[in-house]
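One letter stands for each residue in the lines below.
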Amino acid sequence: MNEYTAVKKFPILKAYLEHFSLTSMKNEMPALLSFFFIQGQTTLPYIRLPTGDSHLDLRVHVFWIQPSRTGKSIAWNFISDIMENANIPFELFASGTDAGMIGSTNAILDDNNKPTGEYETVEGLLAGRKAINFDEGSILLTPNKHNQETVLYLQTACNPVGSGNNTLVKHMKGNKIECPSLVSLWITTYPPKGVKDYVLTKGIFQRVLLYYKHWDMDDRQEVSNRRLGTFMKKPVEKDITKDDLYEYFRNTEKRIRDRLLNMAEVSFTSWEESSNEEKEDIVQEYMWEMFTPSVNYSNALLDKSDQIYELLHTMSPSMSEIVASFTPAVENYLGIFSIHMAILDESWEVNEHHIDMAFEILKDLFANLIAWLEDSVEVGSNKQKQIKAQEAMVTCYHELTGQEIDSHGDGWRLKNIFIGTYMEKTKVSKSTADRHFKDYGASLFKSRKSGGRVYIRKIGDTQ
C-alpha cells in the first residue's frame, strides 16, 4: 500500500492508513478506500463534478466482501471515530422496512386529539446527508421481494446528488414521501454464494467500489501474531496523531466551503439559513469554477480509458461482457478520485498527476474485481475447474522450450513466461493465472530459483 504515489506524496494519507491498521490489520485497500469515503462526505455539500449536461458528486460507496472475523466490523470503529470527531453524521443500518429506509408520516392532532388533516414527516435512514454502515450486507443479497426493494432504494441513493434521480419516493394513501438521499454507503459481508447472479442482476454492484479478498490460514495467523504482539505494549506515538486526522477533515470542509461561498459572494450565515434546494442551486452554478482542468487533463483521462479497454480486449468474450458493465463506474470514479487527489494536494487545478494517482488505486481494484469474477463466475464444479486449468498448464508447458540451470539439470521453463502463455491461452488476468498456479499447479510442477529468476519443471521430467 505504501507503494502508491498518493501514499508517498501525502503524509496525512499515510498517517491515516497507519492509524487504521492499528484497529483493523492487514486490510490496506479498505483502509485506503475509507479515507476517500470520509472525504467524500466532507465535500458533498460543496462540490459537483460536471459531466456535460449532468454531474457527479464526490461520494465513494464501498462494498467489501471478505470472510468472517477478518477485521471488517472493527474497521467501522475507526471510521466512525474519525467521522464523529470531524463532525460528519453517520448511522448504522438497523431496519429494512420502507418506513425505516425512506420515512413515514404521522397525523398532526389538534388540542382535542383529533386529526387536523395535516401530516408531519419522520425521516428514514436514507434521508439527508450521512454515512451509513451496512455491517451485514449479505441480507441485501437474499433473493426475496423485500430485500430486492431495499437494494433498489440503495441504488437510487447512489445516484448523483442534485440530479433528481437520488430522490426516493414512497406513495401513501392521500400522501407521498419524497426523500432526497445524500448518503455514502459502507457495506460489508462475508463471501456470498451464487455471486454470479448477484453481480449480473443487482445494479448496486455497478454503483459501488467492490473489493473482495480471500483470507487463508497464513493471513489469519499473521494477524493473530500481530495482535498478540500488541498485548501489554503501549503504541508508539506517531508524528501525525488522530487529533491531526480529525483536524484535517474539519479544515478540508472549511477550506472548500469558504471557496464556494467566496465565489458565490454568500455569507456563512446566509448559507446556513438557505434551504437544501437553494444550496444545491449555488453548488451547481459554480461547479465549473470550483476546480479547473489542466491542459493535459482530458488526454490523461483518455489514456487511462485506453488501458482499461486494452485489458478487456485480452479477456474471453463472455467474461469481457460481464466486466464491461463495471467500466462506467470505474470511469466515474477516475474523475471523482482525481478531484480527491487535488483536494489532498490543496490544488484547485486537477492535473494529469492527480489522474495518475487515482488510476493507480482504481486499476488495482479493477484487477481485483476481474480476478474474483473470473474465479467465481466460472461455470462448473471445483474439480472441473482444476482439470481444465491443469490441462491448459500442461499444454503451455510443452509449448515452451526447456532450459538448463546449474546443478538442477535441463527442461526448466521460466515461470513468468509460462504464466504469460497461460494468460494468453485461457484469457484470464495475471492475478487469476497466479492463483491458478498456486491452487492447481503445485501438484504438477516444482520450482527452482536461479540468478534471481524463478523456473518450473513438470514433476517427473528428468531431462
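For the structure, check the block above.
Here is what the cut-offs are and how they apply
- Residues numbered from 1 in each chain as written.
- Predicted model: local features only at pLDDT ≥ 70, side-chain atom pairs only at ≥ 80, totals over all residues.
- Heavy atoms only, no water.
- Helix = DSSP H or I, 4+ residues; strand = E, 2+ residues; numbered from the N terminus.
- Contact = heavy atoms within 4.5 Å.
- Areas by Shrake-Rupley, 256 points an atom, 1.4 Å probe, with all protein chains shown as cover.
- Lys, Arg positive; Asp, Glu negative; His and termini not counted.
- Charge placed at Lys NZ, Arg CZ, Asp CG, Glu CD.
- Core = buried A, V, L, I, M, F, W, Y, C linked by side-chain atoms within 4.5 Å.
- Buried < 20%, exposed > 50% of the residue type's maximum accessible area, 1.4 Å probe, protein only.
- Polar contact = N/O pair within 3.5 Å; in protein donor to acceptor, adjacent residues only side chain to side chain.
- 1 Å grid on protein atoms, 1.4 Å probe; cavity = no way out; pocket = protein on both sides within 12 Å on 5 of 7 lines; lining within 4 Å.
- Points joined across faces, edges and corners; volume = space filled by probe spheres on them.
- Nonpolar A, V, L, I, M, F, W, Y, C, P; charged D, E, K, R; others polar.
- Axes fitted to C-alpha atoms, helices over the stretch in contact; angles between N-to-C directions.
- Left-handed = near helix turned anticlockwise from the far one by under 90°.
- Expected span 1.5 Å × (residues − 1).
- Pairing = 2+ DSSP bridges.
- Salt bridge = Lys/Arg side-chain N within 4 Å of Asp/Glu carboxyl O.
- Arc of directions from axis to C-beta.

> Hey, could you run me through the overall build of the protein in this one?
Tallying secondary structure elements over the protein gives 19 helices and 16 strands in all. Considering only C-alpha atoms, the protein reaches an extent of 95 × 55 × 45 Å along its principal axes. The contacts of the protein with a sequence gap of at least 6 include a subset with a gap of at least 24, amounting to 72%. Put simply, the protein shows about 23000 Å² of open surface, and 49% of that area lies on carbon and sulfur atoms. Computing the positive centroid from 51 side-chain charges and the negative centroid from 63, the protein places the two 9 Å apart.

> Which parts of the structure should I look at to understand the nonpolar core?
Nonpolar side chains in soluble globular proteins tend to be buried together. With 110 residues, the main nonpolar core has Tyr16, Phe36 and Phe337 as its most contacted residues. No other element matches the twelve residues that helix α16 (residues 352-376) contributes to this core. Every residue in contact with Phe36, bar those within four places of it in the chain, is listed here: Leu13, Val60, Phe337, His340, Met341, Leu344 and Ile361. Ala392, Ala433, Tyr440 and Ile456 belong to the second-largest nonpolar core, a separate cluster that totals 16 residues.

> Explain the environment of Ser24 to me, please; I cannot follow it from the model alone.
Structurally, Ser24 is set in the loop between α2 (11-23) and α3 (28-43). Residue Ser24 is classed as buried on the basis of its relative accessible area of 1%. The spatial distance from the C-alpha of Ser24 to the C-alpha of Phe63 is 16 Å, given a sequence separation of 39 residues. With sequence-adjacent residues up to four places away left out, Ser24 is seen in contact with Trp64, Gly71, Ile74 and Ala75. A polar contact is formed between the side chain of Ser24 and the backbone oxygen of Gly71, at a distance of 2.8 Å.

> Got a minute to help me understand empty space enclosed by the protein in this structure?
Think of a ball as big as a water molecule: rolled over the atoms, this probe shows where empty space is left. The tally for this structure, following the rule as stated, stands at one cavity of 30 Å³ or more. In this structure, the largest cavity encloses a volume near 130 Å³. Lining the largest cavity are Phe205, Val208, Leu209, Leu210, Phe326, Ala329, Val330, Tyr333, Leu362, Leu365, Phe366 and Leu369. Elements supplying a minimum of two residues to the lining of the largest cavity: β10 (209-212), α15 (327-344) and α16. The element that contributes the greatest number of residues to the lining of the largest cavity is α16, accounting for four residues. For the lining of the largest cavity, the class distribution of residues is twelve nonpolar, no polar and no charged.

> Honestly, the packing of helix α13 (residues 297-313) against α15 in this entry has me stumped. Any pointers?
When two helices pack together, you describe them by how their axes are tilted relative to each other and by the distance separating the axes. At a minimum axis separation of 11 Å, α13 and α15 run at an interaxial angle of 150 degrees. Relative to α15, α13 is oriented so that their crossing is right-handed. For the pair α13 and α15, contact is made by Tyr297, Leu301, Lys304, Ser305, Ile308, Tyr309 and Leu312 and by Thr327, Val330, Glu331, Leu334 and Ser338, respectively. Looking at the contact of α13 with α15, its residues break down into seven nonpolar, three polar and two charged.

> Explain helix α4 (residues 72-85) to me, please; I cannot follow it from the model alone.
Helical periodicity: at 3.6 residues per turn, an α-helix aligns residues three or four positions apart in one direction. Taking 1.5 Å of rise per residue, the 14 residues of α4 would be expected to cover 20 Å, and the 21 Å separating its terminal C-alpha atoms lies within 8% of that figure. Looking only at α4, the buried set comprises Lys72, Ala75, Trp76, Phe78, Ile79, Ser80, Ile82 and Met83. Backbone geometry just downstream of α4 places Asn87 in the positive-phi region, at approximately 65 degrees.

> Please clarify how the pairing of strand β5 (residues 103-109) should be interpreted in this entry.
Successive residues of a regular strand alternate their side chains across the two faces of the sheet. Note that β5 and strand β6 (residues 115-123) share six bridges and pair antiparallel. Its bridge partner being in β6, Ser104 is matched across the sheet by Val122. Once β5 ends, the chain turns through five residues before running back antiparallel as β6, passing Asn113 with a positive phi of about 65 degrees.

> What is the right way to read the pattern of salt bridges from this model?
Working definition: two side chains of opposite charge can pair if their charged atoms are close together. Counting across every chain of the model gives 17 salt bridges. Residues Glu222 and Lys26 are paired through a salt bridge, measuring 3.0 Å at the closest nitrogen-oxygen approach. Of the two residues, Glu222 sits in helix α8 (residues 217-228) while Lys26 sits in the loop between α2 and α3, which places them 196 residues apart along the sequence. Measuring nitrogen to oxygen at the nearest pair gives 3.6 Å for the salt bridge that ties Lys304 to Asp303. Owing to a relative accessible area of 9%, Lys304 belongs among the buried residues under this scheme. Within the structure, one salt-bridge network assembled from shared partners comprises Lys26, Asp219, Glu222 and Arg226.

> Any chance you could explain the sheet that holds strand β15 (residues 445-450) here in plain terms?
Working definition: the strands of a sheet are paired by backbone hydrogen bonds and lie parallel or antiparallel to each other. One open sheet accounts for four strands, arranged β13-β14-β16-β15; its pairing is antiparallel. Each edge of the open sheet is held by one strand with a lone partner, namely β13 (403-405) and β15. Neighbour to neighbour, the strand axes of the sheet diverge by 55 degrees on average, direction disregarded. Here β13 runs beside strand β14 (residues 409-414); their pairing, made up of two bridges, is antiparallel. Bridged to Ile405 within β14 is Gly409. On the sheet, helix α18 (residues 415-426) packs against β14, β15 and β16 (453-458) and is oriented at approximately 50 degrees with respect to β14.

> For this particular structure, what's the right way to read helix α14 (residues 317-324)?
Along α14, the residues that are buried comprise Met319, Ser320, Ile322 and Val323. Seen from one end, α14 has its buried residues packed into an arc of 160 degrees, which puts them on one side. Residues of α14 that are exposed and point more than 90 degrees away from the buried face comprise Pro317, Ser318 and Glu321.

Don't take any of this as a statement about function, it's just geometry.
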